[in-house]
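Examination of the molecular architecture
Now for the letters of each chain:
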Amino acid sequence: DVVTKFTESWVNLNPTRNRDIPAPKEPVLLADTTRKALVEYLRAFFEYCVDRGWLEHNMARKIQIKTKVRAKFGMEPHEEEWFFDEIGEFTDGHYRTGQQNAFELRTFCLLMRHTGLRISDSTKLDDTALVPRASDEGWAIKVFQKKTEEWVYIPIPAPLEAALRKLPIKGEKDGKRYWFWTGEGEPDTAANNRYTQIQKIVKRVEADPQKGRFLHTVSPHTFRHTFSIRHL
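We now turn to the structure provided with this report. These numbers come from a predicted model, not from an experiment. (Residues numbered from 1 in each chain as written. Predicted model: local features only at pLDDT ≥ 70, side-chain atom pairs only at ≥ 80, totals over all residues. Heavy atoms only, no water.)

Along any regular strand the residues' side chains alternate between the sheet's two faces. Two strands pair when backbone bridges link them, and strand β3 (residues 130-132) and strand β4 (residues 139-145) are joined in this way by three bridges, in the antiparallel orientation. In the strand pairing of β4, Leu130 is matched with Ile141. Between the antiparallel neighbours β3 and β4 lie six residues, among them Asp136 with a positive phi of about 65 degrees. Alignment of β4 against strand β5 (residues 150-156), held across seven bridges, turns out to be antiparallel. Within β5, the position partnered with Ala140 by the bridge is Pro155. (Pairing = 2+ DSSP bridges. Helix = DSSP H or I, 4+ residues; strand = E, 2+ residues; numbered from the N terminus.)

Next up, the structure:
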């Protein structure tokens, strides 16, 4: 019981994930899923020690991880409008800002919003993922689910399909053509850069007196929550 309580005190030693953002003033506790993974590592290590006779028992098997149900929040419809309006409006085939970067960022965020994909998976998505729906009505994003080891087809709205087709290919690697990754360097670096861009948009929204502050903290993962909540 003492050890179980000890695991609940574990903190994230790199909460900003090396991004150029201020570190939180208070320690950030590790998420339950992360603590579970670390305890599994500990159990595996102790099992290794038991197999070699260094320990008599694997006491890590008795550690319990008490999972807390934490509320998940998405963006309200008007908050989505704030966010995408801050990037720029796409009218008559052109962005009001005239910037290709704005179009790319908007499409990236719409992809997360309408597919529920994580920022890392969206960054590594290649153009073969855009496929016709089985019903021959519209298009879908095809992704491989590691947990179930099966392909999943996520229907997407027509404007997102059109936006993806307008995007120039950013990079190629191993025969795959990527929309949001150059194919050079680590995909995580590209995802971190995109994270920073999104957080800048959030700050600009909250600094606009004509808009307001978001009801809950907004990050790229909020699009995943918004996708799920809208479907529910």
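The next point concerns the nonpolar core. Nonpolar side chains in soluble globular proteins generally cluster together in the buried interior. In this structure, Phe83, Ile87, Cys109, Leu125, Ile141 and Leu164 are the most contacted members of the largest nonpolar core, which totals 38 residues. Contributions of two or more residues to this core are made by α3 (77-87), α4 (100-115), β4, β5, α6 (158-166), α7 (187-207) and α8 (220-231). The biggest single contributor to this core is α4, with eight residues. Formed by six residues, the second largest nonpolar core is a distinct cluster that contains Trp10, Leu30, Val39 and Ala60. (Core = buried A, V, L, I, M, F, W, Y, C linked by side-chain atoms within 4.5 Å. Buried < 20%, exposed > 50% of the residue type's maximum accessible area, 1.4 Å probe, protein only.)

Here the focus is the sheet that holds β5. The antiparallel open sheet is built from three strands, whose spatial order is β3-β4-β5. Each edge of the open sheet carries a strand with a single partner, namely β3 and β5. Across the sheet, the mean angle separating the axes of adjacent strands is 45 degrees when strand polarity is ignored. Strands β3, β4 and β5 of the sheet are contacted by α6, whose axis makes an angle of about 105 degrees with β5. (Axes fitted to C-alpha atoms, helices over the stretch in contact; angles between N-to-C directions. Contact = heavy atoms within 4.5 Å.)

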